[in-house]
Amino acid sequence: YQVFENVAEKYDVMNDSMSLGIHRVWKDILVHKMNPSPGTLLVDVAGGTGDIAFRFLNYVRSVRERQLQQKLRHHQNLSWQEISKSYQEEKSNPLGDSQVVVCDINKEMLKAGKQKAQHLGYSEGLSWVLGNAEELPFDDDKFDVYTIAFGIRNVTRIDLALQEAYRVLKPGGRFLCLEFSHVSNPLLSRLYDLYSFQVIPVLGEVIAGDWKSYQYLVESIRRFPPQEELKAMIEDAGFLKVDYQNLNSGIVAIHSGFKL
Amino acid sequence: AAGSRGASGQEQGPEPGRPLEPSLLRFLVCPLSKRPLRYEESTNELINEELGIAYPIIDGIPNMIPEAARTTRKRPPAEGSERP
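This one's a predicted model, so the numbers in the text were calculated from it and none came from an experiment. (Residues numbered from 1 in each chain as written. Chains lettered and ligands numbered in written order. Predicted model: local features only at pLDDT ≥ 70, side-chain atom pairs only at ≥ 80, totals over all residues. Heavy atoms only, no water.)

In this section: the overall build of chain A. The helix and strand inventory of chain A stands at ten helices and seven strands. Taken along the three principal axes of its C-alpha coordinates, chain A extends 65 × 40 × 35 Å. Expressed as a percentage of the 260 residues in chain A, the buried residues total 51%. Of the contacts formed within chain A by residues at least 6 apart in sequence, a portion of 76% connects residues at least 24 apart. Just so you have it, chain A exposes about 12,300 Å², and 51% of that area is on carbon and sulfur atoms. (Helix = DSSP H or I, 4+ residues; strand = E, 2+ residues; numbered from the N terminus. Buried < 20%, exposed > 50% of the residue type's maximum accessible area, 1.4 Å probe, protein only. Contact = heavy atoms within 4.5 Å. Areas by Shrake-Rupley, 256 points an atom, 1.4 Å probe, with all protein chains shown as cover.)

Residues and elements named next belong to chain A. Counted by the stated rule, this structure contains nine aromatic pairs over all chains. Judged by centre distance (5.1 Å) and plane angle (35°), the rings of F175 and F239 are tilted. One end of the pair, F175, is in strand β5 (residues 169–180); the other, F239, is in the loop between α10 (227–236) and β6 (240–247), and 64 residues separate them in sequence. Note on accessibility: F175 and F239 belong to one class, buried. A connected cluster of aromatic rings, assembled from ring pairs, spans Y146, Y166, F175 and F239. (Phe/Tyr/Trp six-rings, centres within 6.5 Å; stacked < 30°, edge-to-face > 60°.)

Below, the discussion takes up the interface of chain A and chain B. A common way to state how big an interface is: give the accessible area lost once the parts meet. Across the contact, 28 residues belong to chain A and 27 residues belong to chain B. Across the chain A to chain B interface the summed buried area is about 2,300 Å²; carbon plus sulfur atoms make up 57%. Taken together, the connections running from chain A to chain B amount to one salt bridge. We note a salt bridge from E164(A) to K34(B), for which the minimum N-O separation is 2.9 Å. (Buried area = accessible area lost by both parts, 1.4 Å probe. Salt bridge = Lys/Arg side-chain N within 4 Å of Asp/Glu carboxyl O.)

A word on the nonpolar core. Counting residues in hydrophobic clusters, the biggest one holds 40 residues, and the most contacted among them are F138(A), F143(A), Y146(A) and F175(A). Counting residues per element, the ones that place at least two in this core are β1 (41–45), β2 (99–104), β4 (143–149), α7 (158–168), β5 and α10 of chain A together with β3 (53–58) of chain B. Sort the elements by how many residues they give to this core and α7(A) lands first, with five residues. Leaving out residues up to four positions away in the same chain, Y146(A) has contacts with L42(A), V43(A), V45(A), L136(A), A161(A), A165(A), V168(A), L169(A), R174(A), F175(A) and L176(A). By size, the runner-up hydrophobic cluster in this structure holds 37 residues, among which are V102(A), L130(A), L176(A) and V252(A). (Core = buried A, V, L, I, M, F, W, Y, C linked by side-chain atoms within 4.5 Å.)

Across all of its chains, the model carries 17 salt bridges over all chains by this definition. Put simply, R70(B) and E45(B) hold a salt bridge, and the shortest N to O gap is 2.8 Å. With R70(B) in strand β5 (residues 70–71) and E45(B) in strand β2 (residues 45–48), the pair connects residues that are 25 residues apart, well separated along the chain. Accessibility expressed as a relative area gives 16% for R70(B), which makes it buried. When salt bridges with common partners are traced through the structure, they connect D140(A), E164(A), R167(A) and K34(B) into a single cluster.

This model, assessed by the stated rule, comprises zero disulfides over all chains. Cysteine C103(A) remains unbridged, with the sulfur of C30(B) as its closest cysteine sulfur at 14 Å. On the accessibility criterion, C103(A) (1% relative accessible area) is buried. Overall, C30(B) belongs to the buried group, its relative accessible area being 0%. (Disulfide = S-S within 2.5 Å.)

This part takes up unusual backbone geometry. Residues and elements named next belong to chain A. Backbone geometry places D141, a non-glycine residue, at a positive phi of 55°. Within the fold, D141 resides in the loop between β3 (126–130) and β4. Classification of D141 as partly exposed rests on a relative accessible area of 38%.

Residues and elements named next belong to chain A. Axis separation between helix α8 (residues 186–208) and helix α9 (residues 211–223) bottoms out at 7 Å; the angle between their running directions is 150°. In terms of axis orientation, α8 runs roughly antiparallel to α9. As for the relative orientation of α8 and α9, their crossing is right-handed in sense. Residue-level contacts link Y192, D193, S196, F197, I200, P201, V202, G204, E205 and A208 of α8 to W211, Y214, Q215, V218, E219, I221 and R222 of α9. When grouped by side-chain class, the residues that make up the contact of α8 with α9 number ten nonpolar, three polar and four charged. (Axes fitted to C-alpha atoms, helices over the stretch in contact; angles between N-to-C directions. Parallel < 35°, antiparallel > 145°, perpendicular 65-115°, else oblique. Left-handed = near helix turned anticlockwise from the far one by under 90°. Nonpolar A, V, L, I, M, F, W, Y, C, P; charged D, E, K, R; others polar.)

See below:
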């Protein structure tokens with residue numbers, strides 16, 4: 001917990017430095033894989049600073065815009081009334097009733113996320129909750145999608161978090177987990193180790209003045225179950241059609257499962 | 001922390017009594033019992049009557065960690081509690 005108190009402020013900067021900005025691509029891929037349609041209800045757990053939430057909102061907004069444009073294009077004989085009604089629809093409901101709830105156990109991360117949201121102009125369809133992934137304060141069968149990006153490795157009881165994820169998802173709902181994973185290629189693995197243990201804590205010290213927290217991060221990555229093991233854990237929680245997609249040769253993996 | 005004003009033009013008071021996003025009440029339950037909560041406007045808390053606990057809302061963010069909740073049982077569950 002203390003680790004994230006320290007890192008909250010510099011979180012985004014550190015992410016960019018450590019991953020050379022690639023974490024942004026990983027998160028983009030996650031949301032593209034989700035492919036949410038307008039009206040989707042998302043719960044983003046351990047989503048502190050809002051990276052996934054903002055991407056989700058951008059995505060559904062652009063899908064909605066495209067929907068409305070296509071509607072206009074297909075009805076060539078619209079009256080002015082109908083055209084202006086369509087524009088009004090877009091203005092009054094640009095997200096199409098999509099909503100994202102960001103849940104994090106750390107107050108500082110949430111505060112940072114909320115501030116970022118205000119900076120970037122996000123207000124609609126976004127809410128923030130202080131909560132524990134192992135004991136979610138949400139009712140059963142509520143959400144269409146559950147995401148946890150770079151958060152599950154910090155959960156003490158991953159099995160409980162997965163059970164909770166299953167519980168709060170609607171039937172048909174999707175579980176998506178983006179997390180550091182296992183590199184099987186031996187050469188790449190060695191380079192990755194070198195980078196992790198030699199470079200990252202140094203960056204942590206230089207940028208955030210905190211060597212130990214970033215050493216912890218690197219160690220937590222090493223301890224985390226590899227792809228197949230995590231897949232099995234997700235299946236144990238009841239999810240079906242569980243699969244994973246390696247990014248960057250397994251440095252990161254996206255696991256997906258459905259509540260069917 | 002940098003407290004710059006947002007571009008969206010929302011009001012940002014630092015008062016702890018800021019109520020939560022109304023749509024959240026659709027989803028929120030007590031993390032322990034998973035039972036519904038009652039929003040108490042006077043104290044800006046979410047109350048679980050059955051268990052007699054209240055979760056605070058700070059800066060519009062509900063704190064749904066059981067350890068942070070306070071018990072309401074010392075007095076009849078009503079308005080006028082001592083702690084904000």
